[in-house]
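# A closer look at the structure
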Amino acid sequence: MDLTIALILLQDGILNGAIYALLGLALVLVFLVTRVIFIPQGEFVTFGALSLAFLANGRVPGTAYLLLLLGVLTCLVEAVSAWRTHQWRGYGRTLAWALILPLALLALAPMAAAPGVPLALRVLFALALVIPLGPMIYRLVYQPVEQASVLVLLIISVAVHFALTGLGLLFFGAEGWRTPALVEGTVQIGPVAWTAQTFAVLGTCVVLIAALWLFFGRTLYGRALRATAVNRRGARLVGISTRVAGGLTFTLAAAIGALSGMLIAAITTIYYDTGFLIGLKGFVAAIFGGLISYPAAAAGALFVGVLEAFSSFWASPFKEAIVFTLIIPVLLWRSLGSVQLDEED
Amino acid sequence: MTFARSFRLTLGAAALLAALPLTVSAQIKVGVTVSATGPAASLGIPERDTVALLPTEIGGQKVQYIVLDDATDTTQAVKNIRKFTADDHVDVVLGTSVTPASLAMSDVAAETKTPMISVAANAKLVEPVDGPRKWVFKTPQNDALMASALADAMVKQKVKTLGFIGFSDAYGDGWLQEMKAAAEAKGIKVVAAERFARPDTSVTGQVLKLLAARPDGILIAASGTPVALPQRELVERGYKGKIYQTHGAANSDVLRVCGKACNGMILPAGPLLVAEQLPDSNPAKKSALAYVHAYEAKYGPGTTNTFGGHMWDAGQLINDAIPRALKTGAKPGTPEFRAALRDALEQVHELPASQGIFNMSPTDHAGLDKRGRVMVQVVNGKWTYQPDL
């Protein structure tokens, strides 16, 4: 190994680590606000990437139909709960985002898939297709059991993961897809060539982390989410709706996942089941932060990425084993260092 | 996992229900299990779609196909064959798509004395023909057959040192072993062997290690679109030597994902892949085109997939063997008929199928010879037959 190889590996590791960092942040966020260990986070990555790939190949992705289906279900569930409580105020908003938006997107989808549409527009369209899936999944699956234990929520997450993976196979087929690069070109820095796409990934990662930091530090919604994270019951006592917080969190998680997917789909092939492994590595990163610390999760993600790159050079047959074995010493260290708390409050 | 199981069971039940209307007057029952979901779905889906094209009447008897999905899961594959033999009393089992699950199924096939035709590639399934393997046949070419074709091509292209990057699973292991043997027999040295996993998003580390060893040629031993990842990385890192692939790459999706980076790669494949380009003198041309025409008539032009061809060939084997088994006087659904069918499969002689010409015998349950392979190179994004390699 010489310096050039080390630099290339480092570049590769940082690139992968940036994506793990985004997913790790999303996992920490979802866990803090809703106590859900969100295993299907990786599915947002694949849905985002593959929806964009399908649009770029002139086909309407199955996510458009899934969005409509989940939207109709959401409207029905909301209607039932509104009818029970005689609270129809605000139902118009539900109709707008869960029924009219999916219908409009479905109608526009053939246009977005038509040849000659700029890639940036397609990216926005694919984001619009995938992001609302987050709050819909929260409304349909997690909100009815929001008081359940972490274990029950975890088991439900496993079920959602398998359901979404199966749908992914149905929508996108078993073979992988790639998308065109968002930005073209390469830059030579020292002995290593960096593609512009790499900078796009790193840049987006930094911008997103900064945006999250600003969101949680400066905005009312962000502070409300933090309050929910610190103490759910206390937050409710001061008038913060944990349901709104949950929906908002899942929207953010879906947005982060879908965007990460679109960023890496130009660099590597994405399969309907790629998301699980990427999500799992994001999870290892999140464990670094004990599922509570964003900076530790981000640092953990970079470490996982770099470790992965170097172990693929030195011992490629054992790469996965090395990355996932890492979780054991981290858990040991965390369990020694942390004070046991009761689950609620 | 419970969720996955019950989901699969439901799927299985649904598949069964779909097959029910056929039961009315059917006499010969064929159990088919394929990996239509899970990691090997890209193999299982065309295999499943091919079943619809198989003959529904053989030797004057109606044939009923019962298709189940095993989700690329060994336990589920064994459950499926148990169901076929215990509940459906099938006469023959076709499948499954991958080697580990097929190996596990062969024990059940032997225990219940049911002939089984696997569509997985590994030679371990049928070699040597003894014990449970007496009941097992397979249609894909042996890796050794393909590896020796590659070694011959390497000699012709003056490759002296070879790098290897393959799946970190049974497929990669099998190929490393076969390729090492075939290459060393021709005086080619394997100088580096790296591994990657199907869902990997980066193989930069492995490729750098390979480049550091400076081999004349590199073999990528993987299947389906994942082969594009090392191929693209090698090209992007400026590798100038020959890049070889296995027949696992013979899939049109590979060309779509790989794009320009795949130009020039060389691979051995079944005649099916380039059927139209073969000279009329090629013994497998006509039978390969028969499958292409049947499949594309149903699923549209350009949809044929060599993996589906293995299932088609399994269908050709039973189509050939069942009339012989019926001649013994045994009735379908009885142990005597299953034994007769097994014996009849061993007598398959010069049977043209989509991937070559089958000659089974009591010592050979794979049956393909050198007519079951051709060398192919990707030229301008198209599979191109290479008679000179």
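Quick look at the structure, then.

Each value, and the rule that gives it
Residues numbered from 1 in each chain as written. Chains lettered and ligands numbered in written order. Predicted model: local features only at pLDDT ≥ 70, side-chain atom pairs only at ≥ 80, totals over all residues. Heavy atoms only, no water. Helix = DSSP H or I, 4+ residues; strand = E, 2+ residues; numbered from the N terminus. Rg over C-alpha atoms; globule rule 2.2 N^0.38 Å. Buried < 20%, exposed > 50% of the residue type's maximum accessible area, 1.4 Å probe, protein only. Contact = heavy atoms within 4.5 Å. Areas by Shrake-Rupley, 256 points an atom, 1.4 Å probe, with all protein chains shown as cover. Lys, Arg positive; Asp, Glu negative; His and termini not counted. Charge placed at Lys NZ, Arg CZ, Asp CG, Glu CD. Patch = residues over 30% accessible without salt bridge, like charges linked within 9 Å, V, L, I, M, F, W, Y side chains within 5 Å. Salt bridge = Lys/Arg side-chain N within 4 Å of Asp/Glu carboxyl O. Pairing = 2+ DSSP bridges. Disulfide = S-S within 2.5 Å. Axes fitted to C-alpha atoms, helices over the stretch in contact; angles between N-to-C directions. Parallel < 35°, antiparallel > 145°, perpendicular 65-115°, else oblique. Left-handed = near helix turned anticlockwise from the far one by under 90°. Nonpolar A, V, L, I, M, F, W, Y, C, P; charged D, E, K, R; others polar. Buried area = accessible area lost by both parts, 1.4 Å probe. Polar contact = N/O pair within 3.5 Å; in protein donor to acceptor, adjacent residues only side chain to side chain. Core = buried A, V, L, I, M, F, W, Y, C linked by side-chain atoms within 4.5 Å.

Turning our attention to the overall build of chain A. When helices and strands are tallied, chain A shows 15 helices and 2 strands. Rg of the C-alpha trace for chain A: 20 Å, near the compact-globule value of 20 Å for 345 residues, within the 12% margin. Taken over the C-alpha atoms alone, chain A extends approximately 70 × 60 × 35 Å along its principal axes. For chain A, with 345 residues in total, the buried portion stands at 52%. Partitioning the intrachain contacts of chain A with sequence separation of at least 6 by distance along the chain shows that 75% fall at a separation of at least 24. When the accessible surface of chain A is split by element, carbon and sulfur atoms take 73% of a total near 15000 Å². For chain A, the centre of its 18 positive side-chain charges and the centre of its 14 negative side-chain charges are spaced 12 Å apart.

This part takes up a nonpolar patch on the surface. Residues and elements named next belong to chain A. Together, Leu69, Val72, Leu73 and Leu76 line one region of the surface with nonpolar side chains, adding up to about 340 Å² of accessible area. Structurally, leucine 73 is set in helix H3 (residues 63-85). Note on leucine 73: relative accessible area 37%, which makes it partly exposed.

Below, the discussion takes up the pairing of strand S3 (residues 61-69) of chain B. Residues and elements named next belong to chain B. By the criterion of burial, S3 is predominantly enclosed, with 8 of the 9 residues buried. Pairing between strand S1 (residues 28-34) and S3: 7 bridges, direction parallel. Note on S3: the bridge partner recorded for valine 30 is tyrosine 65. Strand direction decides the pairing type here: strand S2 (residues 57-58) and S3, joined by 2 bridges, are antiparallel. By the bridge assignment for S3, glutamate 57 is matched with lysine 62. The hairpin formed by S2 and S3 contains 2 residues between the paired strands, and glycine 59 there has a positive phi angle of roughly 55°.

Residues and elements named next belong to chain B. Per the stated rule, a full pass over the model turns up 1 disulfide over all chains. What pairs with cysteine 258 in a disulfide is cysteine 262, and their sulfur atoms sit 2.2 Å apart. Disulfide cysteine 258-cysteine 262: the torsion about the S-S bond is 90°, which places it as right-handed. Pair check on accessibility: cysteine 258 and cysteine 262 agree, each one buried.

Residues and elements named next belong to chain A. Contact geometry of helix H8 (residues 196-218) with helix H11 (residues 242-264) gives a least axis separation of 10 Å together with a crossing angle of 170°. One way to sum up the angle between H8 and H11 is to call them roughly antiparallel. Handedness of the H8/H11 crossing: left-handed. Of H11, the residues touching H8 (which contributes Gln197, Ala200, Val201, Thr204, Leu208, Leu212 and Phe215) are Leu248, Leu252, Ile256, Leu259 and Leu263. When grouped by side-chain class, the residues that make up the contact of H8 with H11 number 10 nonpolar, 2 polar and no charged.

What follows concerns the interface of chain B and chain A. In this complex, chain B contributes 33 residues to the contact, which on the side of chain A involves 31 residues. Where chain B abuts chain A, roughly 2800 Å² becomes buried across the two surfaces, and 57% of that area is made up of carbon and sulfur atoms. Linking chain B with chain A are 2 salt bridges. We note a salt bridge from lysine 319 of chain A to aspartate 200 of chain B, for which the minimum N-O separation is 2.8 Å. Across the contact surface, chain B and chain A share 16 residue pairs in polar contact (both at pLDDT 80 or more). Where the side of chain B that touches chain A is concerned, the elements lending two or more residues are helix H1 (2-19), helix H2 (41-51), strand S8 (189-196), helix H7 (204-213), helix H8 (228-236) and helix H9 (252-258) of chain B. Here the side of chain B that touches chain A is built from residues that sort into 13 nonpolar, 11 polar and 9 charged.

If you look at the biggest cluster of nonpolar residues, it comprises 91 residues, and the most contacted ones within it are Phe38, Phe47, Leu133 and Tyr142 of chain A. Here the element with the most residues in this core is helix H1 (residues 3-34) of chain A; it accounts for 16 residues. Not counting residues within four places of it along the chain, the set of residues in contact with phenylalanine 38 of chain A comprises Leu27, Val30, Phe44, Tyr142, Ser157 and Phe250 of chain A. Judged by nonpolar contacts, the second largest core, of 59 residues, contains Leu229, Cys258, Val378 and Leu389 of chain B.

Residue and element names in this part refer to chain B. Pairing within the open sheet is mixed, and its 6 strands lie in the order S2-S3-S1-S4-S5-S6. Looking at strand neighbours, the two that pair on one side only are S2 and strand S6 (136-138), the edges of this open sheet. In the sheet, S1 pairs with strand S4 (residues 92-94) via 3 bridges, with the strands oriented parallel. Of the residues in S4, the one forming a bridge with valine 32 is leucine 94. Sitting on the sheet, H2 touches S1 and S3, and the angle it makes with S1 is about 160°. Helix H3 (residues 74-88) contacts S1, S3, S4 and strand S5 (116-118) of the sheet and is inclined by roughly 150° relative to S3.

Glancing now at the side chain of glutamine 11 of chain A. Residue and element names in this part refer to chain A. Relative to the elements of secondary structure, glutamine 11 occurs in helix H1. Glutamine 11 sits in the buried class, given a relative accessible area of 7%. Non-local contacts of glutamine 11, meaning those with residues more than four positions away in its chain, are made with Val192, Ala193, Trp194 and Thr198.

The subject of this paragraph is the side chain of threonine 114 of chain B. Residues and elements named next belong to chain B. Examined against the element boundaries, threonine 114 turns out to sit in the loop between helix H4 (99-111) and S5. The class of threonine 114 is buried, set by a relative accessible area of 1%. Reaching out from threonine 114, the side chain makes a polar contact with the side chain of threonine 112 at a distance of 2.9 Å. Setting aside residues no more than four positions away along its own chain, threonine 114 makes contact with Thr85, Val90, Asp91, Val92, Val93, Ala109, Trp135 and Arg338.

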